[in-house]
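# Close look at the chain arrangement
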Amino acid sequence: NDIGLQIFVMGIIVATSVVVQQSLQPWRLASTNILDAVMSVIMLMLLFLGALVSDVTASMDSIRILGSLLAGVFVLIVLVGITVGMYLRFQPTPYYHMFIC
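Residues numbered from 1 in each chain as written. Predicted model: local features only at pLDDT ≥ 70, side-chain atom pairs only at ≥ 80, totals over all residues. Heavy atoms only, no water.

### A word on the overall build of the protein
The number of helices and strands found in the protein is three helices and zero strands. Helices and strands in the protein line up, N terminus first, as α-α-α. Reported as C-alpha extents along the three principal axes, the dimensions of the protein are approximately 75 × 35 × 15 Å. Relative to its full complement of 101 residues, the protein shows a buried share of 13%. Taking contacts inside the protein between residues at least 6 apart in sequence as the whole, the part at least 24 apart equals 60%. For the protein, the computed accessible surface area is about 8,800 Å², with 75% contributed by carbon and sulfur atoms. (Helix = DSSP H or I, 4+ residues; strand = E, 2+ residues; numbered from the N terminus. Buried < 20%, exposed > 50% of the residue type's maximum accessible area, 1.4 Å probe, protein only. Contact = heavy atoms within 4.5 Å. Areas by Shrake-Rupley, 256 points an atom, 1.4 Å probe, with all protein chains shown as cover.)

Structure, rendered in structure tokens:
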């Protein structure tokens, strides 16, 4: 019955749907894909705005656990990005950027 945790989980669900929707691009035009993402972000902001005006009491333990989890995921994503970037930078490619005859 932790309302703060429920709001956080709903935020994660909406944010995940925005990321999936932007990667799949289900609409034919790019402008409609962007409009769909903007509408989803507005729904997310409305969810957080509703959380601000309600009488929400969150337990400090759940806030501490979720904060630690988010920090760990952030560090993991940064490390994976650096690793992939270094791999792509130093991987030899058989193609040349320019060819001089």
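### Digging into the pattern of salt bridges
Counting across every chain of the model gives one salt bridge. A salt bridge links D61 to R64; its shortest N-O distance comes to 3.3 Å. In this pair, D61 and R64 are both assigned in helix 3 (residues 60–90), three residues apart and thus about one turn of the helix distant. (Salt bridge = Lys/Arg side-chain N within 4 Å of Asp/Glu carboxyl O.)

### Some thoughts on unusual backbone geometry
A negative phi angle characterises most non-glycine residues, just as the trans form characterises most peptide bonds. Here Q25, not a glycine, exhibits a phi torsion of approximately 45 degrees, which is positive. Structurally, Q25 is set in the loop between helix 1 (3–24) and helix 2 (30–53).

### Digging into the environment of F48
In this structure, F48 sits in helix 2. With relative accessibility at 35%, the residue F48 sits in the partly exposed group. With 14 residues separating them along the chain, F48 and S62 place their C-alpha atoms 17 Å apart. Ignoring any residue separated from it by four or fewer positions in sequence, one finds F48 in contact with I7 and G11.

### Here we look at the side chain of S40
Along the polypeptide, S40 turns up in helix 2. Once you skip the residues sitting within four places of it in the chain, S40 turns out to touch V14 and V18.

### Observations concerning the packing of aromatic side chains
Taken as a whole, this structure holds zero aromatic pairs when the rule is applied. The ring of F90 carries R89 above its face, with NZ or CZ at 5.8 Å from the centroid. (Phe/Tyr/Trp six-rings, centres within 6.5 Å; stacked < 30°, edge-to-face > 60°. Lys NZ or Arg CZ within 6 Å of the ring centre and 35° of its normal.)

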